[in-house]
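Commentary on secondary and tertiary structure
One-letter residues, chain by chain:
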Amino acid sequence: LMPIGIGLFTVIAAMGVTIWLSNITDVTQYATNIISLIGIGVSIDYSLFMVNRFREELKQKRDVRTATAMTVATAGKAVFYSGLTVAIGLMGMLFFENTSLPSLGLGGTLAVSIAMVYSVIVLPAVLAMLGENVNAGKVPFAIPSEDSDEGFWGRTAKMVMNHPWAVLIPTLILLIGAGLPFLQAELSMSSIEALPPEDETRQGSNHIDRLWLESTQNDAFVMLVMDGGDPLSEPNIRQQHRWLNEHLTDEEVTAVFGAALPMPNMTEDQAVDFWLTPDEDLSPEQVAGREYLREKFVSGDVAFMLLSLDGPQTSTDSRLYVELLREEISDLKEGLIQGPNSEILIGGFAAYSADTLDAIADNIFIAISFILIATTILIYLQVGSIIIPIKAVVMNILSISASFGMLVVVFQWGWGSELLNFTPQPIDSMNPIIMFCIVFGLSMDYEVLMLSRIHEEWLRTGDNTLAVANGLQRTGRLITGAAAIMIVVFSSFGFSSVLILKQIGFGLALAILIDATIVRALLVPATMRLMGKWNWWSPSWLPGSQHVREPIESE
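The sections below set out a description of the structure shown in this document. In every chain, residue numbers begin from 1 and rise along the written sequence. Thresholds applied to this predicted model are a pLDDT of at least 70 for local features of residues and 80 or more for the giving and counting of side-chain atom pairs; totals over whole chains, interfaces and linings are not thresholded and use all residues. As a convention, hydrogens and water are excluded, and side-chain values are obtained from all of the structure's heavy atoms.

Focus: the overall build of the protein
Inclusion rule: Secondary structure follows DSSP: runs of H or I at least 4 residues long count as helices, runs of E at least 2 residues long count as strands, and numbering of each begins at the N terminus. Burial classes: relative accessible area under 20% of the type maximum marks a residue as buried, over 50% as exposed, and values in between as partly exposed (1.4 Å probe, protein chains only). Any two residues whose heavy atoms approach within 4.5 Å are treated as being in contact. The method behind every accessible area is Shrake-Rupley, applied with a 1.4 Å probe, and residues are considered shielded solely by the protein chains displayed.
Along its length, the protein carries 18 helices and seven strands. Along the longest, intermediate and shortest principal axes, the C-alpha atoms of the protein span 105 × 45 × 45 Å. A buried classification covers 54% of the 555 residues belonging to the protein. When contacts within the protein are restricted to residue pairs at least 6 apart in sequence, long-range pairs at least 24 apart make up 80% of them. When the accessible area of the protein is evaluated, it comes to approximately 24,700 Å², of which 63% is carbon and sulfur surface.

Structure representation (structure tokens):
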């Protein structure tokens, strides 16, 4: 009941944070889902860790006051560092300006901070009041909660450490192979196709696309801002007409529309006559038709042209075509008569997708560098070793890349599309960033909780092999339970009707599963056994290195 209660209060506070954020900045419509998701996950994890340590201290016959103090000093410290680690991962989203990611990053960071405060301050106060009553109300079929030095996780760790190379090499091959499909990932913003195939909105939109090409969802519209020039002067009409007809032959274009092409198959001279013939020489119907087209495509010195593109909105070919169009747009501008400050703008869904990817690409290096460097420093400050945080970062990247690869297999290649009821399509360009920031923080969350206990055992015994086995054993049941809860919460997003949330839920659940099983049970003990005493090495001139205990001679 303690973790559930802390989770409930965290969710309420997280919802309040979302409402507060919406009053001071733009907040994406998925903020409520993701911020609450993060709040639930980490608050249950942290409170489980705290309650488990409190009960452990009580079993060692400590009084309630001492047990509470020991819990906060050990598990509380680990939760504090873990919360900072998750917050650092989420803060990576703040670098992606001109997208909706900063609101998620800020909201998620506040949600984690709230979960940390509840777990480190409020929960210990409740535990101190409960005392021995924290064990009241046991259920007869509960899994035994005693942690000893011998158990499944301890035996597994020792078995792996007896054959480290035989475990490490196949595991690395498996994780790297699982991540390779991501090299073929196609990225795009999500469109109407993110809804289920039977959704009425999607069906209606697709019907409009088939019947009215000028209203298609997949288009590129060209805005000519002529700075005082007349879009309907003869030279400008002729140049626009030639440009439209030239691009009508492109493979990616199904139709073109603009003032310079009032009707399909109209010649250049006919287009000029259409616009420059005096009203008195035209019938009332022709004059009305011309005014309608003028209002549709021209406003003062601004003209509008539209290219209907082939394929779905999320098509990578459409995005690449728009990028090429922007590079070649100078051909259109050179033949126009316009003012000195004129410009040509290209918009539409494909252009929006391209701009979003550019905004992500411009900031991804600094965001990832911030996350990796800050996390490495934070873990170093906790365990006093320079090797362990670097190794932890590499392992987390392996688990994240494996989940990214499977994301491509399922949602882009369509394996399981019928089961999950979606149309295979490119991965939403925001999702890898969201997932990396969240998963890196949460995966490192488990890493920090586990390493903190391994570090305790190392300081106690000075035996690296024994410290790893004991640390994994004493945190195994707890982290497994916490990860299972997290996987259930994330997997529930896989049943969402919106594809974006399906992708996030699937990717997060898979990454946590990989991290809590393959990485923790196989990679961690294998690498720590191979490194031996060097796990705990750091240069003597670094601050904090004096906290590392030298191993005993038997090590």
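Regarding unusual backbone geometry
Trans is the common state for peptide bonds, and a negative phi is the common state for residues other than glycine. Unusually for a residue other than glycine, Lys61 sits at a positive phi of about 65°. Here Lys61 is to be found in the loop between helix H2 (31–59) and helix H3 (64–91). Given the relative accessible area of 75%, Lys61 is considered exposed. Phi at Asn265 takes a positive value of approximately 65°, unusual for a residue other than glycine. Structurally, Asn265 is set in the loop between strand S3 (253–258) and helix H9 (268–276). Judged by relative accessible area, Asn265 falls into the exposed class, the value being 77%.

Points about the pairing of strand S2 (residues 219–225)
Test applied: A pair of strands is considered paired only if DSSP assigns at least 2 bridges between the two.
Here S2 runs beside strand S5 (residues 302–309); their pairing, made up of seven bridges, is antiparallel. Across the sheet, Asp219 pairs through a bridge with Ser308, a residue of S5. Here S2 pairs with strand S6 (residues 343–347) via five bridges, running antiparallel. Pairing of Met223 across the sheet is with Leu345, part of S6.

Section: the environment of Met129
Position of Met129 relative to the elements: it lies in helix H4 (residues 101–130). With 207 residues separating them along the chain, Met129 and Leu336 place their C-alpha atoms 80 Å apart.

Looking at the environment of Arg55
Within the secondary structure, Arg55 sits in helix H2. When its relative accessible area of 22% is taken as the criterion, Arg55 is described as partly exposed. Between the alpha carbons of Arg55 and Ile364 there is a distance of 43 Å; along the sequence they are 309 residues apart.

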